Amino acid sequence: MKISEIKVFVNCPGRNFVTVKIETDNGLVGLGDATLNGRELAVVAYIEKHIAPCLIGKDAHQIEDIWQYLYKGAYWRKGPITMTAIAGIDIALWDLKGKAAGLPVYQLLGGKSRAKIKVYGHANGNTIEETLNHLGQLIDLGYKAVRLQCAIPGLEGTYGTLAGKKDYYELQSSRSLPPEQPWDTTKYLNFIPTLFQKAREKYGYDIELTHDVHSRLTPIEAARLAKELEPYRLLFLEDAIPSENQADFTLIRQHTITPLAVGEVYNTIWDSKELITSQAIDYLRSAATHSGGITSMRRQADLASLYKVRTAPHGPPDISPIGHAAHAHLNIWAPNFGIQEFIGFGGEPMNQVFRHPLTFEAGYLYLDDQPGIGVEFDEVEASRYPYKRSYLPVSRLEDGTLWDW
Ligand code: EZ4
Ligand code: CO
């Protein structure tokens, strides 16, 4: 099964997605997701100009060797552009191997550890009342776990509060430049515990709740928030701090029993190695699409399992249905799977461009048995939705200081 062609598609059927298609001399086709939100075209060039020429003629079955070739062989290891490009290729190769074997990818990983995949949704609002009404709607839909975000009084357009709107939050800007959002840590810290207090008063303790700080606090501020949230028993607090310094999590840990989750911007196992082995975190949120594909995610899950860290892959709408399907295969296999972030694919035209094997029902995702990853990509339909340059917002303090995000 020799690689005969590698094609890269960039489309915007609601969101920008980079889709990798590998063709082989025996007529099979494998699909991978290589979408890096806001920096998509750098990954496209990396694959088209630098990776594709090296892989033509190679045996598509040699997934591990190709992964090592692209990681070690480039000399320039790690980094989001490289690892998203490797991910796109790696996911497509697993898809091919599954199709060649006539088996779903989870079977190649070792089979099912569970029948269905628990997910958490997002409840958002401009006020606590709005957020709690949204939470109520998700509980009615059967969600067992929900992330709560709410606009902070005095801070317009806080992260996550636009999720109900069609364009989520990055494509909201009418200019095609990064939107800017204000930040104030004091206002934030004074407000968030009340959101969770009211949520528990209204809905009790059966529904599991999380919150995403989006890396805006310092370690000691994060420790204070995590401690103040203890009475509300979060499933986890996500991205409490930026994590260039992995040891910072130990400081938070020493102050609180609120479980900690991090990893959506990680691109290799090295980014989380100390966090896992020191048991400073409870959930690892790295994503197949940004973290070197299925080959790398399997390795991360296995390391995490030794230290009682569970997997909770990043599942935003800027990961394509191919990336989500890759997660579903990993999640249904991983003995230490925790929970998957999932807020749906936004209906048409997404579902026409990507036909995927996932069904949401009552708080769980179900994965259909199909060979490979199980996604079909309609190139003709996709070509009707050209790429639109778009950016994530940036965050500034009132005095103009650029802030973490
Ligand atoms: O900001 O996917 O947990 N989810 C998140 C996401 C990320 C975006 C970045 O592209 O934090 O909404
Ligand atoms: Co997040």
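Let me begin by describing the structure that accompanies this report. Predicted model, so just to flag it, every value in this text is computed and none were measured.

1. A word on the coordination of the cobalt ion (ligand 2)
For the cobalt ion (ligand 2), the full set of protein donor atoms is D212 (OD), E238 (OE) and E264 (OE), and the range of their distances to it is 1.9 to 2.2 Å. Angles of 24 to 176° at the metal separate the six donor atoms of the cobalt ion (ligand 2), which places the site in the irregular class. Counting the intervening residues between successive donors of the cobalt ion (ligand 2) yields the motif D-x25-E-x25-E. Residue D212 is found in strand β7 (residues 208–212), and its partner E238 is found in strand β8 (residues 236–238); the two are separated by 26 residues along the sequence. By the burial criterion, D212 is buried, and E238 matches it.

2. Quick word on the side chain of E40
Looking at the element boundaries, E40 is found in helix α1 (residues 40–55). One buried charged residue, E40, forms no salt bridge at all, with the nearest opposite charge on R15 at 6.8 Å. From its side chain, E40 meets the backbone nitrogen of G38 in a polar contact 2.9 Å long. Sequence-distant contacts of E40, that is, excluding residues within four places in its chain, are made with N16, V18 and Y387.

3. Some details on the pairing of strand β17 (residues 394–397)
Both strand β6 (residues 180–183) and β17 contribute to a ladder of four bridges, which runs parallel. Opposite Q181, over in β17, you have S395 as the bridge partner. Relative to strand β18 (residues 402–403), β17 is paired through two bridges, and the arrangement is antiparallel. Of the residues in β18, the one forming a bridge with R396 is L402. Counting the residues between successive antiparallel strands, the hairpin from β17 to β18 contains four residues, one of them, G400, with a positive phi of roughly 105°.

4. So, the sheet that holds strand β2 (residues 17–24)
Pairing in this open sheet of three strands is antiparallel, and the strands run β1-β2-β3 from one edge to the other. Bordering the open sheet on either side are β1 (3–11) and β3 (29–33), each of which pairs with just one other strand. For this sheet, the mean angle separating the axes of adjacent strands, direction not counted, is 20°. Those strands touched by α1 are β1 and β2, and its axis lies near 175° from that of β1. Contacts from helix α3 (residues 80–101) reach β1, β2 and β3, with the element oriented near 145° to β3.

Basis of the calculations
Residues numbered from 1 in each chain as written. Chains lettered and ligands numbered in written order. Predicted model: local features only at pLDDT ≥ 70, side-chain atom pairs only at ≥ 80, totals over all residues. Heavy atoms only, no water. Donors = N, O, S within 2.8 Å, 3.2 Å for Na, K, Ca; no water. Tetrahedral: all angles 85-135°; square planar, octahedral: opposite > 155°, others 65-115°. Helix = DSSP H or I, 4+ residues; strand = E, 2+ residues; numbered from the N terminus. Buried < 20%, exposed > 50% of the residue type's maximum accessible area, 1.4 Å probe, protein only. Lys, Arg positive; Asp, Glu negative; His and termini not counted. Salt bridge = Lys/Arg side-chain N within 4 Å of Asp/Glu carboxyl O. Polar contact = N/O pair within 3.5 Å; in protein donor to acceptor, adjacent residues only side chain to side chain. Contact = heavy atoms within 4.5 Å. Pairing = 2+ DSSP bridges. Axes fitted to C-alpha atoms, helices over the stretch in contact; angles between N-to-C directions.

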